Amino acid sequence: MKVVGNERRPDWPKLGPSIIIATALIVAIRTAKWVAKSSADAQFSDVDVELDKEVSFASRISIRVMHELLRRHESLFPQRVEPIYEGGSEEDSPQ
C-alpha cells in the first residue's frame, strides 16, 4: 500500500495520565471538607461506599470534559502523525 499523506490525531496513550489527574482533582475538591473516618478494623480502613461513588462520578465528569475538549479544541492535546494509505484493489492488500 502506498502512503499518500499524513494526518494528525490525538495521541490517546498520552491522554490517560491527564484523565487520571483530572479525576483525582475532582475527587480532592469534592471531598476536601469530609471528616476523616477511622475504622475499627484496619484491614478495611479504605473501604468507603461514598468515596467509591465520588470516584465514579469524577471519572465520568473528567472523561466527558476530555471528549468535549477534544471535539472542540483537538490541537490543545498531544498529537501524533499517522499515515494515510491509498486505497487499492484486493490484490494489492497485504494478507
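What counts, and at which threshold
Every chain is numbered independently, its residues counted from 1 as its sequence is written. Residue-level local features of this predicted model are given only where pLDDT is at least 70; pairs of side-chain atoms are given and counted only at 80 or more, and the full residue set underlies all totals for whole chains, interfaces and linings. Processing note: side-chain calculations cover all non-hydrogen atoms of the structure and skip hydrogens and water entirely. A run of H or I in DSSP becomes a helix once it reaches four residues, and a run of E becomes a strand once it reaches two; helices and strands are each numbered from the N terminus. For every residue, the accessible area (1.4 Å probe, protein chains only) is compared with the maximum for its type, and the residue is labelled buried under 20%, exposed over 50%, or partly exposed between those bounds. Any two residues having at least one pair of non-hydrogen atoms within 4.5 Å are treated as being in contact. All accessible-area figures derive from a Shrake-Rupley calculation using a 1.4 Å probe, and residue coverage is judged against the displayed protein chains alone. The predictor reports its confidence for every residue as pLDDT, a score running from 0 up to 100.

1. Topic: the overall build of the protein
Now for step 1: A count of helices and strands for the protein gives two helices and two strands.
Now for step 2: Tracing the protein from N to C terminus, the helices and strands come up as β-α-α-β.
Now for step 3: Each of the 95 residues in the protein was classed as buried or not, and the buried ones make up 14%.
Now for step 4: Of the contacts made within the protein by residues no fewer than 6 positions apart, 86% connect residues no fewer than 24 positions apart.
Now for step 5: Surface exposure of the protein reaches about 7900 Å², of which carbon and sulfur atoms provide 57%.

2. Quick look at the confidence of the model for the protein
Now for step 1: When pLDDT is averaged across the protein, the result is 82; 81% of the residues are at 70 or more.
Now for step 2: Of all helices and strands in the protein, the one with the weakest mean pLDDT is strand 1 (residues 3-10) (86), whereas helix 2 (residues 49-72) scores best (92).

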